[in-house]
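Here's the letter readout for the chains.
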Amino acid sequence: MSKESTQEQKTTSTHKVSLEAFLKGRAVSRGVGIGKVLYLHGQNRQFYRRVIETGQVGSELKRFRAAVDLAKQQLKEISNGEKEAVSENQSSIFETHLLFLEDRSLLSKIEDIIRDERVNAEWAVKLVTDTYVSRYKLLDDKHLREKYIDLQDISERLLSALGGGAESPFTFDKDSVVVAKEINPSTLVELSQHSPKAIVTENGGWTSHSFILAREMNVPAVTGLKGVLRKVSSGDEIIVDGYNGQVVLNPGPESLDKYRISENQFVKTVDAGFETAEGDDVTLDGVEVNIHANLDYPGGYEHARRFGAKGVGLYRSEFLFNQNKGFPSEELQIASYKKVADLVGEEGVAIRTFDLSVGELSSQARISEKNPALGLKAIRLSLSSEKQFRRQLRALLIASYQRRVEIVLPMISGVAEIRAAKEIIREERKSLTKDSIETGNPGIGAMIEVPSAVFVIDEILKEVDFVSLGTNDLVQYLLAVDRDNESVAESFQTLHPAVLRSVKLVLDSARGAGKPAIVCGEMAGSPLYSAILIGMGATELSMNPNSIPRVRRVVQGIAQEEAAKTTDDLLKLATAGEVEQLVRARFSENWAHLFNYEVLPDKNS
Ligand code: PEP
Ligand code: MG
């Protein structure tokens, strides 16, 4: 989807003459950043090439050897079945991996590269394993040829182990613009400590977790730039315009002048904390809308509160898993949940249990699935590996004692999963009480984000205290369109009639049952979409903290009755295109001052 144009103007660097190139992608996080390219490699574990000082070679070799030991220890634990339940077949795979890690010739080749080329261990691992992989791929013997898969696995495991030390491998200049094929949320959390100027990726979508995080961290981002990795090297100058999806490689003086003004403006707005809306969140005709924050990393609630958030509508607890590179201990979870609940106070926090897929546990068991979005994930994974689920529920029960904490179950497809989870909660409460440990009585909610849950919403509502509408996954699963896949981004249509009708059905059913329905997908944080939600009767919206000021302006600037007239008409339409046309016509006619420049976030290309 990237469009490209190259201008005649030339910029000269020491080694090459580079043309200024304009690439057009999809804007997924607002703002402008100018800096130097930092090229990220790797998939599960991401890293970049770093030249080290002669004096650092010794410690880099030490770091590498420690990583090999850690990887070997993990493999031993897994093949003995200590960490996860693994089949005999898987166990023999891990034994093969162990043999590779005991192969001196492989290890000394990596050490030679660290020593001779003075590069970081990650880069040396990549160079050597890539060479082995391409050699294996050329072999005639099918059995031997397939060993390249084992090598790729070993490479990932070593890279992961290298990142497992206390010291983050990411230390780079403050003006770096990260360029990658795609970016993992865990990498982004690490990168954020070094304040990257912007992010550019080949692949991703508006609702990809990494870009949800980028928006929360105010890092401008553009995605959908297919082939960009072939056009850049680390150190190249680059401009990223996250308002319009424009990327400029090797910018000339004119572009630099122009974009520096926008960059300064963006930095000033962020520093000033955006404009904060005053007053109550009530529509012109008196309908109160409660605005909550979504939290995806620890520091997030600070500005959410300043913007006027009423508590946390969705706490994605997976960040604890990402930060700890595995399941956090019960003590750590109790402390984290208590901390956020104390910070938020009376307004309360809805903590979602781990929404992970089995592939994300890969440093433990390296299980890859063909269709992870349809695989062993979220509530299914929790119910299948009960040990971790029980630990998290215990932590939540303890943390909720005298605190406003609620529990949200992700990816509920029907009532049976809710009943199973509630039974575990009952059992854990009983056992805690038996041990004289005080517990709270948290409300239980279900994420409604799988189409089957929409169809059995009335039955679900009988089982829970509230529901949370996860529109990101709801769009993905209703339309069978991967939310992380740039090639199908055009088909990710939040305004598809099936999406709107499902949302309406859930909102109406919840109102009928007298239970809250919190809309917490990215739809809630987009000004134009939030007006549609309000028109459909939503009164609880939970969003990225940085979206709060713009959505509050919408809430205070529209009349619910007027919006409802429009949404009634939208619900009769047949295509997303027709819906969009009518929305634009009605809303810009009535409330031009609110939506004049609004580009639909999943249409921004
Ligand atoms: C959603 O699916 O809309 C949601 C809120 O959850 P997540 O984005 O974490 O999948
Ligand atoms: Mg979801």
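Just so you know, these numbers come straight off a predicted model, no measurement behind them.

Draft legend 1. Focus on the domain arrangement of the protein chain. Splitting the protein chain by domain gives domain 1 (4–44 + 170–272), domain 2 (54–165) and domain 3 (283–591). Taken over C-alpha atoms, the centre of domain 1 sits 30 Å from the centre of domain 3. Taken together, the 23 residues of domain 1 in the interface contact 29 residues of domain 3. Both faces combined, the contact of domain 1 with domain 3 buries some 2,100 Å², and carbon together with sulfur accounts for 45% of it. The largest share of the area that domain 1 buries against domain 3 comes from W206, T207 and E216, three residues that together contribute 31% of it. Across the domain 1-domain 3 interface, the total number found is 3 salt bridges.

Draft legend 2. Looking closely at the confidence of the model for the protein chain. Here the protein chain averages 88 in pLDDT, and 90% of its residues register 70 or above. Every residue in residues 6–17 scores below 50 in pLDDT, and together they form 23 contacts with partners more than four places removed in sequence or on other chains. Long-range and interchain partners of residues 82–86, a stretch whose pLDDT sits below 50, account for 10 contacts in this model, where long-range means more than four residues apart.

Draft legend 3. Quick look at the site of ligand 1. Near ligand 1 lie 14 residues; those nearest to it are H209, R316, R352, N472 and R483. Contacts to ligand 1 include G470, whose backbone N or O atom sits 3.4 Å from an oxygen atom. Residue N472 places a main-chain N or O atom 2.7 Å away from an oxygen atom belonging to ligand 1. In the complex, 100% of the free accessible area of ligand 1, which totals 290 Å², lies under the protein chains. Where the shell around ligand 1 is concerned, the elements lending two or more residues are α8 (209–217), β11 (312–316) and α20 (471–479). No other element matches the 3 residues that α20 contributes to the shell around ligand 1. Class assignment for the residues of the shell around ligand 1 results in 4 nonpolar, 5 polar and 5 charged.

Draft legend 4. Quick look at the coordination of the magnesium ion (ligand 2). Around the magnesium ion (ligand 2), the protein contributes the donor atoms E449 (OE) and D473 (OD), which lie 2.0 to 2.1 Å from the metal centre. In this pair, E449 sits in the loop between β14 (443–448) and α18 (451–455) while D473 sits in helix α20, placing the two residues 24 residues apart along the sequence. The exposure classification of E449 matches that of D473, with both residues buried.

Draft legend 5. Layout of the pattern of salt bridges. Taken as a whole and assessed by the stated rule, the structure comprises 32 salt bridges. We note a salt bridge from R403 to D342, for which the minimum N-O separation is 2.9 Å. With R403 in the loop between α16 (386–399) and β13 (405–409) and D342 in helix α13 (residues 330–344), the pair connects residues that are 61 residues apart, well separated along the chain. Here R403 falls in the partly exposed class, since its relative accessible area comes to 24%.

Draft legend 6. Spatial organisation of the environment of V551. Mapped onto the secondary structure, V551 falls in helix α23 (residues 548–557). Placed 339 residues apart in sequence, V551 and I212 show a C-alpha to C-alpha distance of 16 Å. Beyond its immediate sequence surroundings of up to four residues, V551 is in contact with I291, A524, G525, S526, P527, S530, L541 and M543.

Draft legend 7. Highlighting unusual backbone geometry. In this structure, N250 takes a positive phi of about 45° despite not being glycine. With respect to the helices, strands and loops of the structure, N250 is situated in the loop between β9 (246–249) and α10 (253–271). N250 sits in the buried class, given a relative accessible area of 13%.

Rules used in this analysis
- Every chain's residues receive numbers from 1 upward, in the order its sequence appears when written.
- Naming scheme: in the order in which they are written, chains are lettered from A and ligands are numbered from 1.
- Totals for whole chains, interfaces and linings use all residues, but because this is a predicted model, local features are given only for residues with pLDDT of at least 70 and pairs of side-chain atoms are given and counted only at 80 or more.
- The basis for the side-chain values is all heavy atoms of the structure; hydrogens and waters are excluded.
- Start and end positions for the domains come from either an automated domain assignment or a database one.
- Residue contacts are counted whenever heavy atoms from the two residues lie within 4.5 Å of one another.
- In short, buried area is how much 1.4 Å probe accessible area vanishes from two parts on joining, totalled over both.
- Every case where a carboxyl oxygen of Asp or Glu lies within 4 Å of a side-chain nitrogen of Lys or Arg is listed as a salt bridge.
- On a scale of 0 to 100, pLDDT captures the predictor's confidence in every residue.
- We call a residue near a molecule or strand when any one of its heavy atoms sits within 4 Å of it.
- Two N or O atoms count as a polar contact when they lie within 3.5 Å, although within protein this holds only if one can serve as hydrogen donor and the other as acceptor, and sequence-adjacent residues are included solely when both atoms are side-chain atoms.
- Only the protein chains shown count as cover for residues, and all accessible areas are computed by the Shrake-Rupley method using a 1.4 Å probe.
- The helix and strand labels rest on DSSP assignments: H or I over at least four residues marks a helix, E over at least two residues marks a strand, and numbering proceeds from the N terminus.
- Just so you know the grouping, Ala, Val, Leu, Ile, Met, Phe, Trp, Tyr, Cys and Pro go in nonpolar, Asp, Glu, Lys and Arg go in charged, and all remaining residues, Gly too, go in polar.
- A donor here means any N, O or S atom no more than 2.8 Å from the metal (3.2 Å for Na, K and Ca); water is not included, so a site may seem to lack partners.
- Categorising residues by exposure relies on relative accessible area from a 1.4 Å probe, with only protein chains included: less than 20% of the type maximum marks a residue as buried, more than 50% marks it as exposed, and the intermediate range marks it as partly exposed.

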